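Residue-level structure breakdown
Residue strings, one per chain:
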Amino acid sequence: VQLQASGGGLVQAGGSLRLSCAASGRTFSSYAMGWFRQAPGKEREFVAAISWSGGSTYYADSVKGRFTISRDNAKNTVYLQMNSLKPEDTAVYYCAAGKMLGLKVYEYDYWGQGTEVTVSS
């Protein structure tokens, strides 16, 4: 599975962005998908995850109520809608695919190249 993330950019605090992650391959619908982020000087951290069917979702406490993960298996794409953005959301955002729905970096087998999100105060 090859993943291509897009949609990052510069936004003011309180604004919104929608990230997309397009996957290649016919097995996309069999993978759980996750979004992670990495701020400068920090470790990569979990943001959100969604099961292969879309029936289960998980969020980090720091984004719960502001971010929404969704997927369209017909389009081989997973999305991350980010609302009420804060300066602390500034990071490179990565999408990832794994066989199991998990919250840890090591639980994902395939990674996209990352898209940068900058939130100004």
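Refer to the structure presented above.
Residues numbered from 1 in each chain as written. Predicted model: local features only at pLDDT ≥ 70, side-chain atom pairs only at ≥ 80, totals over all residues. Heavy atoms only, no water.

A word on the state of the cysteines
Under the criterion given, the structure shown has one disulfide. What pairs with Cys21 in a disulfide is Cys95, and their sulfur atoms sit 2.1 Å apart. Between Cys21 and Cys95 the sulfur-sulfur dihedral comes to about 60°; the bridge is accordingly right-handed. Of this pair, Cys21 sits in strand S3 (residues 17-23) while Cys95 is found in strand S9 (residues 91-98), placing the two residues 74 residues apart along the sequence. (Disulfide = S-S within 2.5 Å. Helix = DSSP H or I, 4+ residues; strand = E, 2+ residues; numbered from the N terminus.)

Focus: the side chain of Thr115
Along the chain, Thr115 falls in strand S11 (residues 115-120). What makes Thr115 buried here is its relative accessible area of 10%. A distance of 3.0 Å separates a polar side-chain atom of Thr115 from the backbone nitrogen of Gly8. Sequence-distant contacts of Thr115, that is, excluding residues within four places in its chain, are made with Ala5, Ser6, Gly7, Gly8, Leu19, Ala91, Val92 and Tyr93. (Buried < 20%, exposed > 50% of the residue type's maximum accessible area, 1.4 Å probe, protein only. Polar contact = N/O pair within 3.5 Å; in protein donor to acceptor, adjacent residues only side chain to side chain. Contact = heavy atoms within 4.5 Å.)

Considerations on the nonpolar core
Ranked by internal contacts, the top residues of the largest apolar core, which has 35 residues, are Met33, Trp35, Leu80, Met82 and Tyr93. Elements represented by at least two residues in this core include exactly strand S1 (3-6), S3, strand S4 (32-38), strand S5 (45-50), strand S7 (67-72), strand S8 (77-82), S9 and S11. If sequence neighbours within four positions are ignored, Met33 has contacts with Leu3, Cys21, Phe28, Ala48, Ala49, Ile50, Ile69, Arg71, Val78, Ala96, Ala97 and Tyr108. (Core = buried A, V, L, I, M, F, W, Y, C linked by side-chain atoms within 4.5 Å.)

Some points on unusual backbone geometry
For Asn76, which is not glycine, the phi torsion reads 55° and is therefore positive. Looking at where Asn76 falls in the secondary structure, it is placed in the loop between S7 and S8. A relative accessible area of 19% places Asn76 in the buried class.

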